[in-house]
Amino acid sequence: NAGVMQNPRHLVRRRGQEARLRCSPMKGHSHVYWYRQLPEEGLKFMVYLQKENIIDESGMPKERFSAEFPKEGPSILRIQQVVRGDSAAYFCASSPRGSASRNNEQFFGPGTRLTVL
Amino acid sequence: GDSVTQMEGPVTLSEEAFLTINCTYTATGYPSLFWYVQYPGEGLQLLLKATKADDKGSNKGFEATYRKETTSFHLEKGSVQVSDSAVYFCALSDGGYSGYALNFGKGTSLLVTP
């Protein structure tokens, strides 16, 4: 059973370009979470999605960032017009259940390291 | 808001040494507490968890006890191995409506030498 897949593993963009990060959850998981780890910081929650729905995007910057989890295909985190401050590691996690379940384990992917030049 | 503070790294130990990585938290309500481990080039893996006060989580020789009175969840292992070299993250979820959102510490890098 493959784990959470993320690609690309490393992404380099110039300021003003777009970055698209992909996440394929574990088989049977319909809940996806994105986290960002800035240099010297812990992971911070960005957004929680179920298939075709954004459940909570309270941790996502209001501008330039968007996320989707279509009926078919991976979840996409999209960053438009990237700036140097977007350089970070972006982690995706998935779970078979969502919401406030104390037994709801999140399984993490290896992350995408975004570097903005 | 909720937060997690863990000891700064890197921590360097000799094989078979005793390990403690301190973690304290601030939270309203009754959070669940977790330790995740990240090996080089891999994603975070859940190492152990505790969902209520005085619970002890354990796995692979690692242990941590949920101490509500000291708001702590320190990670311990009696005898570390070279294969334990990794980054360790302490995390909490508040267990409420947003119980899915994990709140992580900065991570502590552990290097175990032969």
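Our structure's up above, just so we're on the same page.
A brief report on the enclosed structure follows. As the structure is a computational prediction, the values presented were derived from the model and not from experiment. (Residues numbered from 1 in each chain as written. Chains lettered and ligands numbered in written order. Predicted model: local features only at pLDDT ≥ 70, side-chain atom pairs only at ≥ 80, totals over all residues. Heavy atoms only, no water.)

1. Overview of the pairing of strand S11 (residues 112-116) of chain A
Regular strands place their side chains on alternate faces of the sheet. Residues and elements named next belong to chain A. Residue alternation in S11 divides its side chains into a buried set, Thr-112, Leu-114 and Val-116, and an unburied set, Arg-113 and Thr-115. Note that strand S2 (residues 10-13) and S11 share 4 bridges and pair parallel. Its bridge partner lying in S11, Arg-13 is registered against Val-116. Taken together, the 3 bridges between strand S9 (residues 88-95) and S11 define a ladder with antiparallel strand orientation. Within S11, the position partnered with Ala-89 by the bridge is Arg-113. (Buried < 20%, exposed > 50% of the residue type's maximum accessible area, 1.4 Å probe, protein only. Helix = DSSP H or I, 4+ residues; strand = E, 2+ residues; numbered from the N terminus. Pairing = 2+ DSSP bridges.)

2. A few points about unusual backbone geometry
Note that the residue after Asn-7 of chain A, namely Pro-8 of chain A, is joined by a cis bond; omega there is -5 degrees. Note on placement: Pro-8 of chain A falls in the loop between strand S1 (5-7) and S2. At the junction of Gly-9 of chain B and Pro-10 of chain B, the peptide bond is cis and its omega measures out at -5 degrees in the coordinates. Examined against the element boundaries, Pro-10 of chain B turns out to sit in the loop between strand S1 (3-6) and strand S2 (11-14). Although it is not a glycine, Thr-71 of chain B sits at a positive phi angle of roughly 45 degrees. Relative accessible area serves as the criterion here: at 31%, Thr-71 of chain B is assigned to the partly exposed category.

3. Thoughts on the packing of aromatic side chains
Each aromatic ring pair is specified by the distance between its two centres and by the angle formed by the two planes. Residues and elements named next belong to chain A. Summed over the entire model, instances satisfying the criterion amount to 11 aromatic pairs over all chains. Summarising the aromatic geometry, the rings of Tyr-33 and Tyr-48 are spaced 4.9 Å apart at their centres and angled 10 degrees between planes, so their arrangement reads as stacked. Of this pair, Tyr-33 sits in strand S4 (residues 31-37) while Tyr-48 sits in strand S5 (residues 43-50), and the two are 15 residues apart along the sequence. Note on accessibility: Tyr-33 and Tyr-48 belong to one class, buried. (Phe/Tyr/Trp six-rings, centres within 6.5 Å; stacked < 30°, edge-to-face > 60°.)

4. Some thoughts on the state of the cysteines
The final tally for this structure, using the stated rule, is 2 disulfides over all chains. Two residues, Cys-23 of chain A and Cys-92 of chain A, share a disulfide whose sulfurs are 1.7 Å apart. Note on the Cys-23 of chain A and Cys-92 of chain A pair: the S-S dihedral is about -50 degrees, so by sign convention the disulfide is left-handed. Remark: Cys-92 of chain A occurs in strand S9 and Cys-23 of chain A occurs in strand S3 (residues 19-24); sequence separation between them is 69 residues. Using a relative accessible area of 0% as the deciding quantity, one classes Cys-23 of chain A as buried. Residue pairing for Cys-23 of chain B: its cysteine sulfur links by disulfide to Cys-90 of chain B, the two sulfurs lying 1.9 Å apart. Between Cys-23 of chain B and Cys-90 of chain B the sulfur-sulfur dihedral comes to about -70 degrees; the bridge is accordingly left-handed. Residue Cys-23 of chain B is located in strand S4 (residues 23-26), and its partner Cys-90 of chain B is located in strand S10 (residues 86-93); the two are separated by 67 residues in the primary sequence. Each of the two residues, Cys-23 of chain B as well as Cys-90 of chain B, counts as buried. (Disulfide = S-S within 2.5 Å.)

5. A word on the pattern of salt bridges
Side-chain pairs of opposite charge can arise whenever the charged atoms involved come near each other. All names here are of chain A. According to the stated counting rule, one finds 6 salt bridges over all chains in the structure shown. A salt bridge links Glu-18 to Arg-20, with the shortest nitrogen-to-oxygen separation between them at 3.6 Å. Look at Glu-18 and you get partly exposed, because its relative accessible area is 30%. Here Arg-20 falls in the partly exposed class, since its relative accessible area comes to 33%. A single network of salt bridges, built from pairs that share partners, joins Glu-18, Arg-20 and Arg-78. (Salt bridge = Lys/Arg side-chain N within 4 Å of Asp/Glu carboxyl O.)

6. Notes on the nonpolar core
Trp-35, Leu-47, Leu-48, Phe-73, Leu-75 and Tyr-88 of chain B are the most contacted members of the largest nonpolar core, which totals 26 residues. Those residues in contact with Leu-75 of chain B, other than ones at most four positions away along the chain, are Leu-19, Thr-20, Ile-21, Trp-35, Leu-47, Leu-48, Phe-62, Glu-63, Ala-64 and Tyr-88 of chain B. (Core = buried A, V, L, I, M, F, W, Y, C linked by side-chain atoms within 4.5 Å. Contact = heavy atoms within 4.5 Å.)

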